[in-house]
Amino acid sequence: MAFLRALTRSNVYRKFGISGLHLSEQGINSVPVKFSIPLASVRCNILKSTHAASAIGYDTAVEGKSSQQHPRDPLDLTFEDHVAAFKSKTTWEIIRAYVVYTLCSSEYLVEHNMTLLRFSKKLLGDRLFKLLMKSTFYGHFVAGEDQFKIRPTLERLRSFGVKPILDYSVEEDISQEEAERREVEGSVSEAGDEKSQGTIRQYHIDKQFADRRYKVQSARTYFYLNEAQCERNLEIFHQCLEAVSGATFGTGICAVKLTALGRPQLLLQLSEVIMRTRKYMTEVLGGGGNVLTHHVHVEELEKKFLQAGLEEETVKKFLKQLTYDKEGVIHLFPWSGIVDENQQLSDTFRVPDLKTGRMVRLITQLTPKEEEMFRNMVRRMNNLCRMAEELDVRIMVDAEQTYFQPAISRITLEMMRKYNKDKAVVFNTYQCYLKNTYEEATNDLEQAKRQNFYFGAKLVRGAYLEQERARAAALGYSDPTNPNFEATTEMYHRTLTECLRRIKDLKDRSEDAKRIAIMVASHNENTVRFAIEKMKEIGISPEDKVICFGQLLGMCDYITFPLGQSGYSAYKYIPYGPINEVLPYLSRRAHENKGILKKIKKEKKLLLQELRRRIMSGQIFYRPRGNYVPV
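Asker: Could you give an account of the overall build of the chain, naming the residues involved and the relevant values?
Answerer: Regarding its fold elements, the chain presents 26 helices and 14 strands. Across the 631 residues of the chain, 57% fall into the buried class. Considering only intrachain contacts with a sequence separation of at least 6, the fraction spanning at least 24 residues in the chain is 78%. Just so you have it, the chain exposes about 27300 Å², and 52% of that area is on carbon and sulfur atoms.

Asker: Any details on the side chain of R502? Residues and values, ideally.
Answerer: With respect to the helices and strands, R502 occurs in helix α22 (residues 485–508). Judged by relative accessible area, which is 15%, R502 ranks as buried. Of note is the side chain of R502, whose polar atom sits 2.8 Å from the side chain of E498. Excluding residues within four positions of it along the chain, R502 makes contact with T442, L445, E446 and I516.

Asker: Outline the packing of helix α13 (residues 264–285) against helix α19 (residues 405–419), supporting the account with residue identities and numerical values.
Answerer: α19 packs onto α13 with a crossing angle of 85° between their chain directions and a minimal axis gap of 7 Å. Here α13 is positioned roughly perpendicular relative to α19, judged by the angle of their axes. Residues L267, L270, S271, I274 and M275 of α13 touch α19, and the partners they reach there are Q405, P406, A407, I408, R410 and I411. A class-by-class count of the residues in the contact of α13 with α19 yields eight nonpolar, two polar and one charged.

Asker: Give me the packing of aromatic side chains: which residues, what numbers.
Answerer: Evaluation of the coordinates by the stated rule reveals nine aromatic pairs. Each ring, one from F549 and one from Y568, has its centre 6.1 Å from the other, and the planes form 80°; the classification is edge-to-face. A residue pair is termed long-range when its members are at least 10 positions apart, and F549 in strand β13 (residues 547–552) and Y568 in the loop between α24 (557–565) and β14 (569–576) qualify at 19 residues. Judged on exposure class, the residue F549 and its partner Y568 are both buried.

Asker: Before we move on, can you summarise the sheet that holds strand β9 (residues 394–397) with the specific residues and values?
Answerer: Strand order in the closed barrel made by the eight strands is β3-β4-β9-β10-β11-β12-β13-β14, with parallel pairing throughout. Neighbour to neighbour, the strand axes of the sheet diverge by 30° on average, direction disregarded. Pairing geometry for strand β3 (residues 162–168) and strand β4 (residues 253–256), over two bridges, is parallel. Looking at the pairing, L166 lines up with C254 of β4. The sheet strands contacting helix α20 (residues 437–451) are β10 (426–431), β11 (455–460) and β12 (516–521), and the helix crosses β10 at an angle near 160°.

Asker: Before we move on, could you go through helix α14 (residues 298–307) and cite the residues and values that matter?
Answerer: For α14, the full list of buried residues reads V298, L301 and F305. The buried residues of α14 all sit within an arc of 65° when viewed along its axis, so they share a single face. Those residues of α14 that are exposed and angled more than 90 degrees off the buried face are E299, K303 and Q307. Check the buried side of α14 and you find it contacts α13, α15 (312–320), β5 (323–325), β6 (328–331) and β7 (350–352). Looking one or two places after α14, you find G309, whose phi comes out positive at around 95°.

Asker: Before we move on, could you go through the pattern of salt bridges and cite the residues and values that matter?
Answerer: All told, the structure shown has 43 salt bridges when counted by the stated rule. The shortest N-O distance in the salt bridge between E80 and K602 comes to 3.6 Å. One end of the pair, E80, is in the loop between α4 (60–64) and α5 (82–86); the other, K602, is in helix α26 (residues 597–616), and 522 residues separate them in sequence. Since its relative accessible area comes to 32%, E80 is described here as partly exposed. Taking the relative accessible area as the measure of exposure, K602 reaches 13% and is therefore buried. As a salt-bridge pair, D508 and K504 come within 2.9 Å of each other at their nearest N and O atoms. With D508 and K504 both in helix α22 and four residues apart, the pair spans about one turn of that helix. In the salt-bridge network here, residues are joined through shared partners; they are E80, E525, R529, K602 and K605.

Asker: Describe the pairing of β14, and please don't skip the residues or the numbers.
Answerer: Burial runs high along β14: eight of the eight residues are buried. Side-chain alternation along β14 places S569, Y571, Y573 and P575 on one buried face and A570, K572, I574 and Y576 on a second face that is also buried. One ladder, built from seven bridges, connects β3 with β14; its direction is parallel. Within β14, the position partnered with I165 by the bridge is Y573. Bridge analysis of β13 against β14 gives five bridges, and the strand direction is parallel. Looking at the pairing, G550 lines up with Y571 of β14. Chirality of the crossover, the property in question, places the unit of β13, α24 and β14 among those that are right-handed.

Cut-offs and rules
Residues numbered from 1 in each chain as written. Predicted model: local features only at pLDDT ≥ 70, side-chain atom pairs only at ≥ 80, totals over all residues. Heavy atoms only, no water. Helix = DSSP H or I, 4+ residues; strand = E, 2+ residues; numbered from the N terminus. Buried < 20%, exposed > 50% of the residue type's maximum accessible area, 1.4 Å probe, protein only. Contact = heavy atoms within 4.5 Å. Areas by Shrake-Rupley, 256 points an atom, 1.4 Å probe, with all protein chains shown as cover. Polar contact = N/O pair within 3.5 Å; in protein donor to acceptor, adjacent residues only side chain to side chain. Axes fitted to C-alpha atoms, helices over the stretch in contact; angles between N-to-C directions. Parallel < 35°, antiparallel > 145°, perpendicular 65-115°, else oblique. Nonpolar A, V, L, I, M, F, W, Y, C, P; charged D, E, K, R; others polar. Phe/Tyr/Trp six-rings, centres within 6.5 Å; stacked < 30°, edge-to-face > 60°. Pairing = 2+ DSSP bridges. Arc of directions from axis to C-beta. Salt bridge = Lys/Arg side-chain N within 4 Å of Asp/Glu carboxyl O. Right-handed = clockwise from strand over helix to strand, strands pointing away.

Laid out in structure tokens, this is it:
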């Protein structure tokens, strides 16, 4: 089968004259071969056809039936319905889940899980170790080894009303010393780590926190090696998009991390520019916040600059690059040009200094090689978004640490502006443990409204809380995180409520409510209940397709499956990859489950109830067959 797949792909690519990328060892001079037909378009045409869908095992006739012919179950908002929670599982899978959760409840096993896994592999040998893992942790938390082997899992999920977010979860198992070396080398310019007046300490590397896995259990970390590695990551994301397209009929999502696609130094420098720009606007106009929140008009800025003694020609040249509308300036810099036209960063990020009357640079120094690296990173992101658009699937850009996030969000919003013209293809992620989440989300919603693009957002509590607090305390800047769990929940609910309010406004004005699409990504059943009750309160139905819910594979099935089976848009975050290479992912899942013992206790209770019911009713050999169709 593998040979036939390779042969088929080879023949298709040869038919359209596709050969691939030529990379130097470091990848800096990598230039895509110019194809007469874009690669993504070819893949799109192959995978979007009905014949292709049939070929991978989907009943396309079922997909074409009216949703009225498929069941819709009532939703128990207490999430205590064990039948609804586990009707997609065999009895063996229920027993396996119970065993896995019991093991995750052991503090000793969780704390030493990687040591125990390595010891087991040596003791049992590769074959028996893989069999053990498939029978326990790997089988429970991971869908399969590659994009072909995961398809039975995707099919079964879909038949029970649940859609996938695919994530290739292979992680490098490198030492702390190697991680620190790579991060320091990848975060400092060849020109040196400039810390002149005006630079912000938060956006510069500190060796104490160079291993970004420190105090992080629920997020994967990429460490930059070279540009060739980023190209390999790009190809993995390509395969992920293909797998989503071939399996989900336009409803699937692929998760990506921007740190997988480029040098971290560039994200640090770009983030610092964004925050220095906000400080600059405060100095010029007073107030605070994002540039667009000032609602300042071009004429007002021109007057201030000329009064400060700047030359008229210099002022006109600067004002020419502004992005603005009738409500005022949206951006001081031509971000569309930066992501579309390969502008030089060093020449772009300059502002008029009211004190000296000269133009000053906000970005620390970049070499020509680093400028090219930035263009490579943007090219890769453009490539993925274009492919997602053509394959009719969506991309979710994961949030990362606060010292990267301003740049990640800015690039993601520009990708939204470019690709979310007809629907939400690109989604940004907002971490609600941060104090500024509501402000950032509302600013981005406002930008989407003013620049007329569809807005997509995933709301999460966040993955870097302990690391952010420790780093802020060590480096002496203000802690960006909320003080406690309750404040984070309040931030989550407040941000979600604002999104829902804007969706309601769109509906009330008879505009397209799908201009705002939100994923409630939470394992907290109170937050899920809050979202559903708010939807009912303001008149948003599941059929509006503007709110969806997401949980990890192998966690909180008692939330995901009842939602999907009752007609809500429900997703599972689906990790996949070879067994030996996803061990770091499995280690993090064990740690994460240990941290939510209350949820494990409930899941174990429901698993036992369902197991008992099957034994008493003679359904031990129950075989799951779903007839649900996801929203």
